[in-house]
Structure formats: C-alpha cells, structure tokens
Amino acid sequence: PTSTGRHPPQEVDHILREYLTTMADKVLANQGSLDKFIGDAVMAIFGAPVPDPRHAEKACRAALAMIEELDKLQAKWAAEDREPFRMGIGINTGEMVVGNLGSEQLFDYTVVGDGVNVGARMESLNKEFQTRHAIIISGSTYLAAQDALDVRRLGEATVKGKTVPVVVYELLGI
C-alpha cells in the first residue's frame, strides 16, 4: 500500500498490518482460507480444504466486502493525513492442486496450478480495464455463480501463459 522509501518502516508496518488484518477478516467471514500474504496482496482459497458448492459466490462476496472495507480504511487514513492506495482483485474458478506442498526444507498448505495463475492474471487486468470496484472475475467464476452475481462483461483478454482468450467480467454486486 505505501512505499517504504517515502515512509518510516514503523508507519508502513502499521498500515500494512491494519490493511492485511481487515482484508483477512473478510476472507474468513466468507468461509475462505488464507493462503499467504505476498507483500500487500492477499491470496485466498475458497472451496478447500472443505468442498463447498458455493465457493465461487463466497469468493465474490469476500471481494465486495474487501472493497467496502478498503473504502472505510481510505477515509480513516485520509483523516490521518496518510496516502490512499488502490486495490485490485482477481478471481478465478477451476481445477487446482491444494494441500501441503513444497520442498523437504519448507512446505506449506497452498494451492498451485493453471487456475491459480489465471486468477493472478485476472487481478493484473485491473490495470487495463476501467471498473467501478476493481474486481475482475473469469468466465468460469461467472458460470459457477451466475445466479447470484451482478456483473458487466468486459470482453476477452489473452492472459499471460494462455493462447486462447478468456472472457472477463467486472463484479458489480451480489
């Protein structure tokens, strides 16, 4: 959220901790599992370790709740004369390998596979598409939860590592 070059490390730590705690709370409140923090990014899993037929919808609900909470944090930080920052969210639904993965020296409960990579690409598409909430979902996520979602079709995008374009949507609401 902030550059360590312009702010004291203690201030960056405080804001990052507040931000990550708030975002993690929204993942957990929607029955997601926290995978890891990658800098200021939150990687979450829905539908594992316990299968859930509504995992795509719950991921979308968590994303909307995260944006709502970011708006509150932004207002708080503005009152504290802190810099605002932007967040983008990407969601993909698909086959993935989940479990304790890694090396003999270090392993962790995580998720890997092409579906994870596509999810990361959905997030990066926020730089290309103008959206209201900065939440972009894949066509597979839309199909998995279409009865519950309010979306706007953004078009097709060829994401890194793919040759076939992926249909992408902006998540507007539930």
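Refer to the structure printed above.
Residues numbered from 1 in each chain as written. Predicted model: local features only at pLDDT ≥ 70, side-chain atom pairs only at ≥ 80, totals over all residues. Heavy atoms only, no water.

A. Broad picture of the packing of helix α1 (residues 9-29) against helix α2 (residues 55-79). Look at α1 against α2: their axes get within 9 Å of each other, and the N-to-C directions meet at 150°. Taken together, α1 and α2 sit at an angle that is classed as roughly antiparallel. Read as a crossing pair, α1 and α2 show a hand that is right-handed. Contact with α1, carried on its side by I15, E18, Y19, T22, M23, K26 and V27, involves A62, A65, M66, E69, L70, L73, K76 and W77 of α2 and no other residues of that element. Here the residues of the contact of α1 with α2 are counted per class, giving ten nonpolar, one polar and four charged. (Axes fitted to C-alpha atoms, helices over the stretch in contact; angles between N-to-C directions. Helix = DSSP H or I, 4+ residues; strand = E, 2+ residues; numbered from the N terminus. Parallel < 35°, antiparallel > 145°, perpendicular 65-115°, else oblique. Left-handed = near helix turned anticlockwise from the far one by under 90°. Contact = heavy atoms within 4.5 Å. Nonpolar A, V, L, I, M, F, W, Y, C, P; charged D, E, K, R; others polar.)

B. Spotlight on a nonpolar patch on the surface. A cluster of nonpolar side chains, contributed by L28, L34 and F37, occupies part of the molecular surface with about 260 Å² of accessible area. Mapped onto the elements of the fold, L28 is located in helix α1. L28 gets classed as partly exposed once you look at its relative accessible area, which sits at 47%. (Patch = residues over 30% accessible without salt bridge, like charges linked within 9 Å, V, L, I, M, F, W, Y side chains within 5 Å. Areas by Shrake-Rupley, 256 points an atom, 1.4 Å probe, with all protein chains shown as cover. Salt bridge = Lys/Arg side-chain N within 4 Å of Asp/Glu carboxyl O. Buried < 20%, exposed > 50% of the residue type's maximum accessible area, 1.4 Å probe, protein only.)

C. Structural view of helix α3 (residues 114-124). Among all positions of α3, only G115, V116, V118, G119 and M122 are buried. Down the axis of α3, the buried set is contained in an arc of 160°. They therefore lie on one face. Buried residues along α3 sit against β2 (41-45), β3 (89-91), β5 (107-112), β6 (135-138) and β8 (166-173). (Arc of directions from axis to C-beta.)

D. A look at the pairing of β2. Both strand β1 (residues 33-38) and β2 contribute to a ladder of five bridges, which runs antiparallel. By the bridge assignment, L34 is partnered in β2 with A44. (Pairing = 2+ DSSP bridges.)

E. Structural context of the side chain of T131. Take T131: it is sitting in the loop between α3 and β6. On the accessibility criterion, T131 (15% relative accessible area) is buried. At 3.0 Å, the side chain of T131 and the backbone nitrogen of A134 are in polar contact. Once you skip the residues sitting within four places of it in the chain, T131 turns out to touch N126, I136, R152, L154 and E170. (Polar contact = N/O pair within 3.5 Å; in protein donor to acceptor, adjacent residues only side chain to side chain.)

F. Looking closely at the sheet that holds strand β7 (residues 150-157). One open sheet accounts for four strands, arranged β3-β6-β8-β7; its pairing is mixed. Each edge of the open sheet is held by one strand with a lone partner, namely β3 and β7. Adjacent strand axes in the sheet meet at a mean angle of 30°, parallel and antiparallel pairs treated alike. In this fold α2 packs onto β3, β6 and β8, with an angle of close to 175° to the strand it touches most, β3. Contacts from α3 reach β3, β6 and β8, with the element oriented near 145° to β3.

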